[in-house]
Amino acid sequence: MPDRHQQEKEQFRRLFGWRGLDRFEERFQILESFLKLEGHVSLAQIADQVRQDGLRVDNEFLLQCMEQLCRLGFASQVVFDRDETILYEHRQLGVHHDHMICTKCGAIIEFKDDDLEDLQKKMAAKYGFFMLQHKMEIYGLCEQCMAQRGHLIPLSRARIGEKVEIVNVAAGRKMQMRFASMGLRTGIFVEIISSAIGGQIVIASDCNRLILCAGMASKIWVRPEKRPEGISNDGTGGESLPFFNESLPITRMAPGKQGSIARVNGGHFSRRRLGKMGFHQGVIVRVINSSPSSDSIEVMVRGHRFFLSKKDASKIFVENITP
Ligand SMILES: [Zn+2]
Ligand SMILES: [Zn+2]
Ligand SMILES: [Zn+2]
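Every value quoted in this text rests on a predicted model; they were computed, and no experiment measured them.

Each assigned domain of the protein chain is listed here: domain 1 (4-90), domain 2 (98-145), domain 3 (153-224) and domain 4 (248-319). Averaged C-alpha coordinates put domain 2 and domain 4 at centres separated by 25 Å.

As structure tokens, then:
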């Protein structure tokens, strides 16, 4: 299959095949295994794939190989604030994207916006700064996590960076008084500074930092800050969904949902192959069946049903998805 991955492998051979790089074949096989994985993967996931492909190497060698692949521009490393795991993704030369990271479920959405790219250059120039590269990471809650959330949540479930309004303090009189002495009463806004699972939560109220234990934080009910226009509070959305209008890969759409194709990622050949099946920008696609346990996903496009591999499906990004 002469697609982008094939090109990458040929380039790797061309770069090293004649140099007598030590353990060349093993390195090459690691590249092959890595190219089979889509998205953002940890070293452990790469190790699993490598093992599945029948190669036995120790983790140190694998790590060294991945670092080399990054240096050579075949892979790039991403580390998000959510947890500090280093993730690797394919690096497609000449193609740039930024990330949105769901701090609840860890979902990663790739996006690119030309206006935003230009704005960053303009901003740098305004400060007399010549921009070479940048990373744009937006942290928040994905559409699914947002939809699962109620109108009111306990403070313990608010996310880092979120500003919330205290609506109700569901505690006994003694505890109520303790909260009141800390300045925590209904109607005030607090910001979540940090939280640790099962542990303490640090909040800012006015210019004060307060530390609450998980038990206390679960007694304070808060209303998350107003969502952007057009989003109803139950998360099902109104007519227009400016906030959620970013595209998602088909693999992240639930069965029954449909939307229009925003773009098809991947190399020239895989895009052409998908194009022949009717997957073009602007075309409506509907997910018929998709289960986490299956390797394929059933979709309907232009009146035809297709079973796409998850790998292919992850290249097709859809926007204006029906709520
Ligand atoms: Zn960018
Ligand atoms: Zn999420
Ligand atoms: Zn990415």
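With that settled, the discussion passes to the pairing of strand β3 (residues 86-90). Across two bridges, strand β1 (residues 41-42) lies against β3 in antiparallel orientation. For Ser42, the partnering residue across the bridge sits in β3 and is Leu87. As paired elements, strand β2 (residues 75-79) and β3 share five bridges and run antiparallel to each other. Note that in β3 the partner of Val78 across the bridge is Leu87. Connecting β2 to the antiparallel partner β3 that follows it, the hairpin turn spans six residues.

The strand order across the open sheet formed by six strands is β7-β12-β8-β9-β10-β11, and the pairing between neighbours is antiparallel. Across the chains shown, the open sheet's two edge strands, defined by having one partner strand only, are β7 (153-154) and β11 (208-212). One ladder, built from three bridges, connects strand β8 (residues 163-169) with strand β9 (residues 189-195); its direction is antiparallel. Across the sheet, the residue bridging to Val164 is Val190, located in β9.

Moving on to the packing of helix α2 (residues 24-36) against helix α3 (residues 43-52). In contact at an axis separation of 9 Å, α2 and α3 are set at 115° when each is read in the N-to-C sense. Classified by the angle their axes make, α2 and α3 are roughly perpendicular. Handedness of the α2/α3 crossing: right-handed. Where α2 abuts α3, its residues Ile30, Ser33, Phe34 and Lys36 lie against Ile46, Gln49 and Val50.

In the sheet, β9 pairs with strand β10 (residues 201-205) via five bridges, with the strands oriented antiparallel. Across the sheet, the residue bridging to Glu191 is Ala204, located in β10.

Note on helix geometry: an α-helix contains 3.6 residues per turn, so any two residues three or four positions apart are oriented the same way. Relative to the 18 Å expected for 13 residues at 1.5 Å per residue, helix α4 (residues 59-71) spans 18 Å between its end C-alpha atoms, a close match to the ideal helical length. Looking only at α4, the buried set comprises Leu62, Cys65, Met66 and Leu69. One face of α4 carries all of its buried residues, which in axial projection span an arc of 100°. Exposed residues pointing more than 90 degrees away from the buried face of α4 are listed as Glu60 and Arg71. Here the buried face of α4 lies against α2, α3, β2 and β3. One or two steps after α4, the chain reaches Gly73, where phi turns positive at roughly 80°.

Now for helix α1 (residues 4-16). Between its terminal C-alpha atoms α1 stretches 18 Å, which fits the 18 Å expected from 13 residues at 1.5 Å a residue. Among all positions of α1, only Arg4, Glu8 and Phe12 are buried. Relative to the axis of α1, the buried residues are bounded by an arc of 85° and lie together on one face. Exposed side of α1, more than 90 degrees from the buried face: Glu10 and Arg14 are the residues found there. Each element contacted by the buried residues of α1 is listed here: α2 and α9 (268-276).

An order of β13-β18-β14-β15-β16-β17 is seen for the six strands of this open sheet, with the pairing classed as antiparallel. Pairing within the sheet leaves two strands with one partner each, and these edge strands are β13 (248-249) and β17 (304-309). Here strand β14 (residues 258-264) pairs with strand β15 (residues 284-290) via three bridges, running antiparallel. Looking at β15, one finds that Ser260 is bridged to Ile284.

Phi is positive for Arg23, which is not a glycine, with a value near 55°. Within the secondary structure, Arg23 is located in the loop between α1 and α2. Overall, the presence of 13 C-beta atoms within 10 Å leaves Arg23 in the partly exposed class.

In this model, the protein chain carries an average pLDDT of 84, and 91% of its residues clear a pLDDT of 70 or more. The lowest-confidence element of the protein chain is α9, averaging 78 in pLDDT; the highest-confidence one is α3, averaging 96. Below a pLDDT of 50 lies the segment residues 229-245, which in the model reaches 27 contacts outside its immediate sequence neighbourhood of four places, other chains included.

Turning our eyes to something else, we now look at the nonpolar core. The biggest cluster of nonpolar side chains holds 20 residues, and the ones touching the most others in it are Ile250, Val299, Ile316 and Val318. Viewed by domain, this core spans two of them, domain 2 (98-145) and domain 4 (248-319), each represented by three or more residues. Discounting residues that sit within four places of it in the chain, Ile316 has contacts with Pro249, Ile250, Ile261, Val264, Leu274 and Phe279. One finds Ile30, Phe34, Phe74 and Tyr88 within the second-largest nonpolar core, a separate group that totals 16 residues.

Attention shifts here to the environment of Met216. By secondary structure assignment, the location of Met216 is in helix α8 (residues 214-217). Sequence-wise, Met216 and Asp81 are 135 residues apart; in three dimensions their C-alpha atoms are separated by 26 Å.

The rules we used
Residues numbered from 1 in each chain as written. Chains lettered and ligands numbered in written order. Predicted model: local features only at pLDDT ≥ 70, side-chain atom pairs only at ≥ 80, totals over all residues. Domains from an automatic or database assignment. Pairing = 2+ DSSP bridges. Helix = DSSP H or I, 4+ residues; strand = E, 2+ residues; numbered from the N terminus. Axes fitted to C-alpha atoms, helices over the stretch in contact; angles between N-to-C directions. Parallel < 35°, antiparallel > 145°, perpendicular 65-115°, else oblique. Left-handed = near helix turned anticlockwise from the far one by under 90°. Contact = placed C-beta atoms within 7 Å. Expected span 1.5 Å × (residues − 1). Buried ≥ 20, exposed ≤ 12 C-beta atoms within 10 Å, placed from the backbone. Arc of directions from axis to C-beta. pLDDT = per-residue confidence, 0-100. Core = buried A, V, L, I, M, F, W, Y, C linked by C-beta atoms within 7 Å.

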